[in-house]
Amino acid sequence: MKKTGAQILCESLIKEGVEVIFGILGGAVLPLYDTLPQYPQLRHILVRHEQGAAHAADGYARATHKAGVCIATSGPGATNLVTGIANAFMDSSPMVAITGQVARPFIGKDAFQEADITGITLPITKHNYSVSDATELAGTVKEAFYIAQTGRPGPVLIDIPRDVQQEEVEFVYPDKVNLPGYKFISRGHSVQVKRAAKLINQAQRPLIIAGRGIIISQAHDELKELAEKAQIPVVNTLLGLGSFPQNHVLSLGMMGMHGMAYANMAVQSADLIIAIGMRFDDRATANTGGFAPNAHIVHIDIDPAEIGKNVRVDMPIVGDVKNVLKAMNKEIDSRDHLDWLSQLEQWRYEHPSLDIRQNDELLPQYVIQQIYEATRGNAIVVTGVGQNQMWAAQHFVYTKPNSFISSGGLGTMGFELPAAIGAKVGCPGEMVWCIAGDGGFQMTIQELATITQENIAVKIAIINNGYLGMVRQWQELFYEHRYVDTKLWNPDFVKIAEAYDIPGIRVKRREEVIPAIQKAMDYSGAFLIDFVVEPEENVYPMVPLGGSLSETLELPKAEIVSSHRNISQKE
Amino acid sequence: MSDTKHTLVALVEDKPGVLNRVASLFRRRAFNIQSLAVGHSEQPGLSRMTVVVSGDSAVVEQVRKQLDKLINVIRVSDITEEDIVARELALIKVNATASTRSEIMQIVDIFRANIVDVSSDSVTVEVTGDEDKVESLLELLRSFGIKEVTKTGRVALTRGDTQ
Ligand SMILES: Cc1ncc(C[n+]2csc(CCOP(=O)(O)OP(=O)(O)O)c2C)c(N)n1
Ligand SMILES: [Mg+2]
């Protein structure tokens, strides 16, 4: 039977298991939207800015492991998606972005709302398509989802001219893709696996660096087996948080620019690094010249182009992390590494990186700790970028995969609110906490309307320090306190929430924190808390730009008076 | 680390935008292209691309892997170390008067090049060979005054049987 391009698109999405679409209408997608009511299985969530649609699709994808879908019209709608697509690309998040395009006869004529979105997104998509004929549509959708969700996941964009959406052709959904140029290696080379296992069995001071690849590949059980069997301590990259339970005795927490001092010391002292599903980002490694100077490096990743890109690697294994670890665990000897582990325990004791200053004012770290305590860690935390992100990464204890969602590679302020919306829509049974910066929150604040219109019960905690805090911290430490334009005049966020029909409260004092969090959790819908925190609090530990992990700066000792939480509550 | 010239050969799908994808990748990762030549291959729907890049081996290996990740690239190999046939073609328009024309023709003969166009004050020479040969001919013709040059860039295949 003949169907229109728009119908074919909707039916193809349904075949791919799509349930939710985030988007905004416009002339070039009107035929598609006009068709949407025929398919009630597809829930459309109307956002207020296309960037919000892309981040929501990204948040949805990270929380569910399914490709997130967003739609925008041609021209400005499509270009508004760009930041969100780039963000998904950097963090390997599966996404299918659908854009309308001007009708075929107008293409190349600078028609109203024409933008070369395939050209624009070329370097920030895993692949993109412009559909020139409705007969290509079904196959293109099939390929797009396949590419987005397999191998190293990433965003794929499909640009569909308006008249293609209206064209009527026969609909047959292909059951196979034909992509001769697309390949990924799922199983690690068995010889390499054996060699790596041998290195691991011989190591005296081995250390696992667990990245987001473990979460993507759903290999947390295999990782745990490896760590426990050979008694290898584990550090996480920022996006690897949740891949290994942080309350595990072998967990050393996050490494990197704002990682734990003892985690960074472990990296610098290890004689073998087993880097799994991570890509040696400069925020994780700091200066690569001084990175892990004593270690051989085993690198397991599905993307061959990541091998040797940033640091030298002694033993690469290209493959899907889960498969590789399964094979490798069979070759691993049981070990105890007592000396190494007790050395690390001592460093952890001597460098209490999670202790916070004694202060009469409200400290942001305390806020995060209390959200952790109140939720007992049973929440998905979605962060902004900057200090709030680092405190959320440091002071919440992540024990489950997909519980920490953050813009790592691109560092996109404004990711927090729409991504939290996406996560909540994908996991309605989970409590979702959006940890927002007062700066970043205002970059996508309009999505409060989406929350109310669609009844999305996210809990919003604004870490309101009155500054573009992370930049202010750099100005303080590296630009002699010259706070050029980092101070923010802020609106009354509680009144703003109220205007969007979302209840909220302001918290200025320590003793108000726990009741406020409780109130937010007890309320059935969305809730906003404006935490007015100490304005000039800094994030520590910190590796100054250009320094190696050995140069990790810690909070000046004199300022530490109390430890809020004993981080070694073990499993 | 030493920068050397590498020859990469890629089999790519003959689809709109493929050249753009390849070029965009080089630009974005700041890889330097010395030449890029592309045309249909023996297989319908597929083109063969020859790219000459300079850089140390690690950089070129990164180029190769990034190219290989493009969905429209079927296969790409660095054939620098292999036994290859490599050629480029140049068209050289050189000043020629009645008195210099025969001297130019002699040089052209030595290089087994051809004169493909003649006018009252110039001749156009076509030469095929490796870059050294083309460069030497250009050098010799320079004294007559070169008006225009265009080159195809290197095209290359490995010698002998293909697997
Ligand atoms: C879209 C965007 N613009 C600029 C930056 C640069 N930047 C990084 S952190 C930061 C400050 C963020 O301020 P806020 O959201 O209040 O978070 P805080 O650091 O204060 O917690 C800025 C401006 C960025 N990461 N993203
Ligand atoms: Mg701030």
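Since the structure is predicted, the reported quantities are computational estimates derived from the model, not experimental observations.

(A) Expanded view of the pattern of salt bridges. Enumeration over the complete set of coordinates arrives at 31 salt bridges over all chains. The structure contains a network of salt bridges with shared partners spanning Arg152(A), Asp303(A), Glu306(A), Lys309(A) and Lys69(B).

(B) Structural context of the state of the cysteines. All names here are of chain A. One pass over the structure, following the stated rule, counts zero disulfides over all chains. In this structure Cys10 is not part of a disulfide, and its nearest cysteine sulfur, from Cys70, lies 15 Å away. Residue classification places Cys10 among the buried positions, given a relative accessible area of 0%. Free cysteine: Cys427, not disulfide-bonded; nearest cysteine sulfur from Cys434 at 15 Å. For Cys427, a relative accessible area of 15% translates into the label buried.

(C) Main features of the interface of chain A and chain B. Counting from both sides, the interface comprises 18 residues of chain A and, opposite them, 16 residues of chain B. When the two sides are added together, the surface that chain A and chain B hide from each other amounts to roughly 1400 Å², 55% of it contributed by carbon and sulfur. Its largest share of buried area at the contact with chain B, chain A owes to Leu122(A), His127(A) and Ala305(A), together 33% of the area lost on that side. Between the two partners, chain A and chain B, sit two salt bridges. For Lys183(A), the salt bridge is made with Asp68(B), and the minimal N-O distance between the two is 3.2 Å. Our enumeration of links across chain A and chain B arrives at eight residue pairs in polar contact (both at pLDDT 80 or more). Its residues assigned to classes, the side of chain A that touches chain B shows ten nonpolar, three polar and five charged.

(D) Inspection of the sheet that holds strand S4 (residues 73-78) of chain B at higher detail. All names here are of chain B. Spatial strand order, S2-S3-S1-S4: four strands in an open sheet with antiparallel pairing. Edge positions in the open sheet fall to strand S2 (33-40) and S4, since each of these has one partner strand only. Neighbour-to-neighbour, the strand axes of this sheet turn through a mean angle of 15 degrees, independent of strand direction.

(E) Spotlight on the domain arrangement of chain A. All names here are of chain A. Domain annotation for chain A reports domain 1 (2-170), domain 2 (190-350) and domain 3 (356-539). Computed from C-alpha atoms alone, the centre-to-centre distance between domain 2 and domain 3 is 30 Å. In this assembly, 16 residues from domain 2 lie in contact with 20 residues from domain 3. Across the domain 2 to domain 3 interface the summed buried area is about 1400 Å²; carbon plus sulfur atoms make up 68%. Contact with domain 3 buries surface across domain 2, with Leu238, Leu241 and His258 losing the most and accounting together for 38% of the total. Between the two partners, domain 2 and domain 3, sit zero salt bridges.

(F) Highlighting the sheet that holds strand S10 (residues 234-236) of chain A. Residue and element names in this part refer to chain A. Overall, parallel pairing links the six strands, which are arranged S11-S10-S9-S12-S13-S14 in an open sheet. Pairing within the sheet leaves two strands with one partner each, and these edge strands are strand S11 (251-254) and strand S14 (315-318). Within this sheet the neighbouring strands show an average axis-to-axis angle of 15 degrees, counted without direction. Pairing analysis gives five bridges linking strand S12 (residues 272-276) to strand S13 (residues 296-301), with the strands arranged parallel. Pairing of Ile274 across the sheet is with Val298, part of S13. Along the sheet face, helix H8 (residues 190-202) touches S12, S13 and S14 and points at about 135 degrees away from the line of S14.

(G) Representation of the nonpolar core within the structure. All names here are of chain A. Counting residues in each nonpolar core, the largest one holds 57 residues, and the members touching the most others are Ile208, Ile273, Ile276, Phe291, Ile300 and Met328. Here this core takes five residues from S12, the largest share from any one element. If sequence neighbours within four positions are ignored, Met328 has contacts with Val193, Ala196, Ala197, Ile200, Leu226, Ile300 and Ile317.

(H) Structural view of unusual backbone geometry. All names here are of chain A. Residue Tyr540 is joined to Pro541 through a cis peptide bond whose omega torsion reads -5 degrees. Examined against the element boundaries, Pro541 turns out to sit in the loop between strand S21 (527-532) and strand S22 (560-562). The phi dihedral of Gln231 falls on the positive side, at around 50 degrees, and the residue is not glycine. Positionally, Gln231 belongs in the loop between helix H10 (220-230) and S10.

(I) Broad picture of the environment of Phe171(A). Positionally, Phe171(A) belongs in the loop between strand S8 (168-170) and H8. Through-space distance from the C-alpha of Phe171(A) to that of Ala134(A) is 9.3 Å; in sequence the pair is 37 residues apart.

About the thresholds
Residues numbered from 1 in each chain as written. Chains lettered and ligands numbered in written order. Predicted model: local features only at pLDDT ≥ 70, side-chain atom pairs only at ≥ 80, totals over all residues. Heavy atoms only, no water. Salt bridge = Lys/Arg side-chain N within 4 Å of Asp/Glu carboxyl O. Disulfide = S-S within 2.5 Å. Buried < 20%, exposed > 50% of the residue type's maximum accessible area, 1.4 Å probe, protein only. Contact = heavy atoms within 4.5 Å. Buried area = accessible area lost by both parts, 1.4 Å probe. Polar contact = N/O pair within 3.5 Å; in protein donor to acceptor, adjacent residues only side chain to side chain. Nonpolar A, V, L, I, M, F, W, Y, C, P; charged D, E, K, R; others polar. Pairing = 2+ DSSP bridges. Helix = DSSP H or I, 4+ residues; strand = E, 2+ residues; numbered from the N terminus. Axes fitted to C-alpha atoms, helices over the stretch in contact; angles between N-to-C directions. Domains from an automatic or database assignment. Core = buried A, V, L, I, M, F, W, Y, C linked by side-chain atoms within 4.5 Å.

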